[in-house]
Amino acid sequence: MVTINKMHLDVRIRRRTLLASLAASFASGCSLQAAGLPQAPKGEAHRIAALDWGIAATLVALGIVPIGVPAPAWYARYVVDPSLPSSVVDVGLLFTPNFELLQALAPQLIVATPALQQAAPMLQRIAPVYGNLLFQPSPDVLDIARRGTLALADKIGIRTAGERLIEETHRELSISNAKLSSQRDRAFLLASPLDNRHVSLFGPNSLYGAVLQEIGLTLAEPNIAGEFNIVGLERLGAYGNAEMILLESPVVPGMAARLTENRLWRTFPFVCKGRLHILPATLGSGGLPAASRFLRLLRLALSGDDGRTQ
Amino acid sequence: MIATRDKLRIGPASVIALLFAAALLSAALRLSELLPVQDWWQVAINPDLNSYQQVLVHDSVLPRLLIALVVGAALGLSGTIFQQVLRTPLADPSTLGVSGGAYLALAMVTLWVPALAVSARELVALAGGLVAFALVFLIAWPHRLSPVALILAGLVVTFVCGAVSAAVSLSYNMGMSGLFVWASGSLTQNDWSAIVRLSPCVLFGLIAAPFLTRPLALLSLNDDGARSLGLPLFYVRLMSILLAVLLAAFTVSAVGVIGFVGFAAPFLARAAGARQLPHRMLASMVIGAILLLAADEGLQQAARFIREIPAGAATGLLGAPLIAIFLRRMPVVETPTSSIIERRARHPVLYLAATAGAFLALIWISLSVGPSLDGWHFASVSEAQLLLIWRLPRLAAAAAAGILFALSGTIVQRMTSNPMASPEVIGVSTGAALGILLLVLLAPTFTPLSQLGAATAGSILSLIIVLVTGHRSRYNPDHVLLFGIAVNTAFAALIAVLLGTGLPKVFGVLQWMAGSTYSTTPLQAMIAVAVAATMLLIAPFFGRWLDVLPLGAAPSKSLGLRLSFSRGTLLLFSAISAAAATLLIGPMSFVGLMAPHIARTLGFQRALTHMLAAALVGGAITICADFIGRVALFPNQLPVGVVSTVIGGPYFLWLMRKQVH
């Protein structure tokens, strides 16, 4: 009962902050208005509900704060950067956004992934749905993210912002390419711990793998069809000369560091030769902002410089 | 004895021996690829800590071989004790809620206290399993730990744990891979800690079991018979169950859920000719160990070509056909079942009308009340019309599913005279779930229509398997249930494998699996209501069959019933109902178990009124569940399947308690 009451208090507070932020974005929205949203009434900011964290992150990077995002608290844990302002309304769970709440928010556009295909007929009753945007890892994940970002920007009518985001990502890629050119002769393993016995081993179709290959680095395990394979910890020792990029998992925080307690882990070549790099979590379906975040973290880990100077 | 009688047939014993030889050969092959044979002994005793190969063999390959044997033996022993105490071949170590509790504990801790999940995973799982069992134990206590009370309580606790875990998993979306891997029972090892924790427990079991064999053997008599021999029935049950639960809880905490071994090993032991309890215990341990070792070796050999499948999921796949093969040789015994006598309603029509009135009131409340951004709100009739588009379709779909599950459950329970039977038990719901899961994973895109097709195909396939295999026994209730559970376990294992792949598409399917009517469109709702109405209209024609069949096979025949035909038809009807309901609210079928019970407790005894009352009760449960799921954690929404299980479970247990007095 207590939790329910708290929840309501929470919702009411968010309602107030929502109104305040609306007023604020009304003022700041003028610059965006120049780009012109066809169906938008003049003088109002973009009211967009983003029903996926990767989409929400992309929107924020494009300079638009979505009015509603599912489970913003989890966004903060999984995406981290770019962060969501507290004005964003929690519209429910990732796969079941709340229709009644969405209708109350009165968005002009709902952006969703195909995972919400089933809910699309009902979402259509609230606002036009742009629903084929997918930043899920797949072959050409970076190209798909670029095209998706541009299509999203086009849909909202802010193509220049989309082009700018692609340009920024491109800059991150070339900086990393230059900074890490000395690492070309090595092979990289990309993994993330699931528990104390298993890891996800990422392949070229993951965002991380695609980014590594894009900046000219080599993957030690290129034969993974999906985003990742789940393998036993003991398998990792077989990659004799590899550098290990171990991504922290937001699900089991601290597990990456704890693995050093394991005797077998300590015999792995990449551990005893000091070629283990532990990176903070990055959302694999986070689109271009996630790619940039991963690049910065990678540079920091491999060359001690995240290149934030410019 | 069987082995000597028909030497020409490949008996279960020789199959097991063959499996063992193959597993040893495979293990030796793999070891020789890693290390020269002359080094094996030295590496096992004293590995060179600077050599990756040597530590790998010592800390990973050897513990994995041993853990397979130890876990298999523990599950075999635990399963034998469970089956003996609970007097049913349907029992296995997960029956009393241990796996469900462990899973729930891990899911909750991973969500809310991730640090604890990192540092004390095994302890969390162990605690969860034991707490769940303690709950089962407390519920069954007033029933003097009778087998039926224990099984029912275990079933309910497992269901509720499963539902809450599903709700927890759904709210935490993509972090599920680790939990799925755990649930599919991976034997991967990288140190000796699991062996060190598990071995003393199994050793203790080995020492304690002989003290229990004599009194346990007498337990196969019925309660009165055992008591007349001066057996302290209660204490025998208590000690045996505690031992079996400890074994199960420790294995679950060490390696996760290993399906089927605890169920199959005792079964195979009996099929292989072990008759007396001490023999069966020993044989089950040996068979369990070999089964798991062989499965794990097979998987590691297969991993050269395909991605590795966890052992727990694979034993389910491997074990199910084995059970089916050996079940064919079991003699068909028609046992008369004692019917449960309840008070009978004096005015069934009045009672029905009252139930229907409550049903309609629920619909009205559910449509009008709800939270919004500004707090709770009771909508007037005109306001409610605006909200109707969001609230009515999902309510209608939920109600239709409740009615369909209730009809299906009533038929299955009356037909089998088995209070534990439900559509989920005969495997139909799981079949539908598998169909959808495969479609989502294999097809590039999917529409609601193709999902409908896939679910129907899946449920019909599982139905056909049950029908074909059940034909020989003339749909003997026990056999149908056994086959149903075998089909169920195989499908559930396959689902676990698919979930364990960690493909992102799978997470979307989870929502459906937990039973959500969330995205129902008006058209889908109308179809659902039409299907439920049709089934409600057909159901009364089965009234006489369902009044007669519970009397047993012989009386039914003498009353002019064709057993195969009537049982087959009823099975088909109940399967179609269950498939339709599964499509609507997912494979959680607690409603199908609960509604017929509640209806009977309300005093509806005759088949016709029983079915109608159960349908109303089922619909009312799912409507309540839909409402609660919509408002309880606003803006988050809980799937109706999850909520109905969570509210239905305690109610069911309360009913059970009442029956004691």
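Residues numbered from 1 in each chain as written. Chains lettered and ligands numbered in written order. Predicted model: local features only at pLDDT ≥ 70, side-chain atom pairs only at ≥ 80, totals over all residues. Heavy atoms only, no water.

1. Brief notes about empty space enclosed by the protein
The probe, sized like a water molecule, is rolled over the atoms to show the empty space still left. Counted only if it meets this: Cavity and pocket criteria rest on a 1 Å grid covering protein atoms alone: a 1.4 Å probe that fits but cannot get out defines a cavity, protein on both sides within 12 Å along at least 5 of 7 lines defines an open pocket, and an atom within 4 Å of a point defines a lining residue. Grid points are joined across faces, edges and corners, and a volume is the space filled by probe spheres set on the points. Labels follow the DSSP assignment, with helices taken as runs of H or I lasting at least four residues and strands as runs of E lasting at least two, numbered in each case from the N terminus. When residue character is reported, Ala, Val, Leu, Ile, Met, Phe, Trp, Tyr, Cys and Pro are called nonpolar, Asp, Glu, Lys and Arg charged, and the others, Gly included, polar.
Inspection of every chain in the model, using the stated rule, returns 8 cavities of 30 Å³ or more. Forming the walls of the largest cavity are A:Asn98, A:Phe99, A:Glu100, B:Pro371, B:Trp390, B:Arg394, B:Tyr518, B:Arg630, B:Phe634 and B:Gln637. For the lining of the largest cavity, the secondary-structure elements that each account for two or more residues are helix H5 (99-105) of chain A together with helix H17 (381-416) of chain B. Looking at the lining of the largest cavity, its residues break down into 5 nonpolar, 2 polar and 3 charged. Computed from the structure, the second largest cavity encloses a volume of approximately 60 Å³. Together, A:Asn196, A:Arg197, B:Leu106, B:Arg121, B:Glu122, B:Ala125, B:Trp182, B:Ser253 and B:Ala254 line the second largest cavity. Contributions of two or more residues to the lining of the second largest cavity are made by helix H7 (121-140) and helix H12 (233-255) of chain B. Per-element accounting of the lining of the second largest cavity gives the leading share, 3 residues, to H7(B).

2. Some remarks on the packing of helix H18 (residues 428-442) of chain B against helix H25 (residues 563-585) of chain B
Residues and elements named next belong to chain B. Selection rule: To obtain an axis, a line is fitted to C-alpha atoms, over the contacting stretch when the element is a helix, and the angle between two such axes runs from 0 to 180 degrees between their N-to-C directions. Here is the rule for angles: anything less than 35 degrees is roughly parallel, anything more than 145 is roughly antiparallel, 65 through 115 is roughly perpendicular, and the remaining ranges are oblique. For any helix crossing, the convention is left-handed if the near helix is rotated counterclockwise from the far helix by under a right angle, and right-handed if that rotation is clockwise. Only heavy atoms enter the contact rule, under which two residues are in contact if any of them lie within 4.5 Å.
One can describe the packing of H18 onto H25 by two numbers: an axis separation of 9 Å at closest approach and a directional angle of 45°. The angle between H18 and H25 places the two elements in the oblique class. Like other packed secondary-structure pairs, H18 and H25 cross with a definite hand, here right-handed. Contacts between H18 and H25 involve Val428, Ser429, Ala432 and Ile436 on the former and, on the latter, Ala575, Ala578, Ala579, Thr582 and Leu583. Residues that form the contact of H18 with H25 fall into these classes: 7 nonpolar, 2 polar and no charged.

3. Section: the confidence of the model for chain A
What counts is decided by this rule: As a per-residue measure, pLDDT tells how confident the predictor is, with possible values from 0 to 100.
Per-residue confidence for chain A averages 83 on the pLDDT scale, and 84% of its residues sit at or above 70. Note that residues 1-43 of chain A has pLDDT below 50 and, in this model, 42 contacts with residues that lie over four places away or in other chains.

4. Here we look at the pattern of salt bridges
Rules: When a carboxyl oxygen of Asp or Glu is within 4 Å of a side-chain nitrogen of Lys or Arg, the pair counts as a salt bridge. In this scheme, a residue with accessible area under 20% of its type's maximum is buried, one over 50% is exposed, and one in between is partly exposed, where area comes from a 1.4 Å probe on protein chains only.
According to the stated counting rule, one finds 19 salt bridges over all chains in the structure shown. Between B:Asp59 and A:Arg263 there is a salt bridge, with its nearest N and O atoms 2.8 Å apart. You can see B:Asp59 sitting in helix H4 (residues 52-86) and its partner A:Arg263 sitting in helix H11 (residues 263-267), one on each of two chains. For A:Arg263, a relative accessible area of 31% puts it in the partly exposed group. Between B:Arg606 and B:Asp547 there is a salt bridge whose closest N-O contact spans 3.2 Å. Placement of the pair is B:Arg606 in the loop between helix H26 (590-601) and helix H27 (607-631) and B:Asp547 in helix H23 (residues 543-548), with a sequence separation of 59 residues. Exposure remark for B:Asp547: the relative accessible area of 23% places this residue in the partly exposed category.

5. Notes on the interface of chain B and chain A
Applicable threshold: Throughout, the accessible surface (probe 1.4 Å) given up by two parts as they are put together, summed over both, is called the buried area.
Contact with chain B, which involves 67 residues of that partner, is made by 61 residues of chain A. In total, chain B and chain A occlude about 6000 Å² of area from one another, counting both sides; carbon and sulfur atoms represent 59% of this. Viewed at the interface, chain A and chain B are joined by 3 salt bridges. B:Arg630 serves as the salt-bridge partner of A:Glu100, at 3.5 Å between the closest nitrogen and oxygen.

6. Looking at helix H13 (residues 287-303) of chain A
What counts is decided by this rule: One less than the number of residues in a helix, times 1.5 Å, gives the span that helix is expected to have.
The end-to-end C-alpha separation of H13(A) is 24 Å, in line with the 24 Å expected for 17 residues at 1.5 Å each. Counting buried positions along H13(A) yields 14 of 17 residues, so the element is predominantly enclosed.

7. Overview of the confidence of the model for chain B
Residue and element names in this part refer to chain B. Mean pLDDT over chain B stands at 80; residues scoring 70 or higher make up 80%. Under a pLDDT of 50 for its full length, residues 333-341 has, in the predicted model, 9 contacts with residues more than four places off or in other chains. Confidence estimates for the predicted assembly give a pTM of 0.82 and an ipTM of 0.80.

8. A look at the environment of B:Leu243
Residues and elements named next belong to chain B. Note on placement: Leu243 falls in helix H12. As for Leu243 and Ser78, which are separated by 165 residues in sequence, their C-alpha atoms are 7.6 Å apart. Residues in contact with Leu243, not counting those within four places in the same chain, are Ile81, Phe204, Gly205, Ala208, Ala209 and Leu212.

9. Regarding the pairing of strand E1 (residues 369-372) of chain B
Residues and elements named next belong to chain B. Cut-off, in case you're wondering: We call two strands paired when DSSP finds no fewer than two bridges between them.
With 4 bridges joining them, E1 and strand E2 (residues 375-378) adopt antiparallel strand pairing. Looking across to E2, one finds that Pro371 is bridged to Trp376. As consecutive antiparallel partners, E1 and E2 are separated by 2 residues.

10. With respect to unusual backbone geometry
With an omega of 5°, the peptide bond between A:Asp81 and A:Pro82 qualifies as cis. One can find A:Pro82 in the loop between helix H4 (72-78) and strand E3 (89-90). Residue B:Pro635 is reached from B:Phe634 by a cis peptide bond, and omega for that bond is 5°. Along the chain, B:Pro635 turns up in the loop between H27 and helix H28 (640-660). With a phi angle near 50°, A:Ala106 is a residue other than glycine that sits in the positive phi range. By the element assignment, A:Ala106 lies in the loop between H5 and strand E4 (109-111). In the Ramachandran plot, A:Asp140 falls in the positive-phi region, its phi being about 60° despite a non-glycine side chain.

11. Topic: the packing of aromatic side chains
Basically, it comes down to this: Each Phe, Tyr or Trp ring (for Trp, its six-membered ring) is paired with any other whose centre lies within 6.5 Å, and the angle between the two planes then decides the class: stacked below 30 degrees, edge-to-face above 60, tilted in between. In this scheme, Lys NZ or Arg CZ marks a charge over a ring once it lies within 6 Å of the ring centre and within 35 degrees of the ring normal.
Tallied over the entire structure, the rule returns 19 aromatic pairs over all chains. Considering the side-chain rings of A:Phe268 and A:Phe270, the 5.8 Å spacing of their centres and the 50° angle between planes classify their relative orientation as tilted. A relative accessible area of 0% places A:Phe268 in the buried class. Relative to B:Phe137, the ring of B:Phe133 has its centre 5.8 Å away and its plane inclined at 50°; by these criteria the two rings are tilted. Taken together, the positions of B:Phe133 and B:Phe137, both in helix H7 and 4 residues apart, correspond to about one turn of that helix. Judged by relative accessible area, B:Phe137 falls into the buried class, the value being 18%. One aromatic cluster is present, built from ring pairs that chain together A:Phe202, A:Tyr208, A:Phe228 and A:Phe294. The ring of B:Phe565 is capped by B:Arg562, whose NZ or CZ atom sits 4.6 Å from the centre of that ring.

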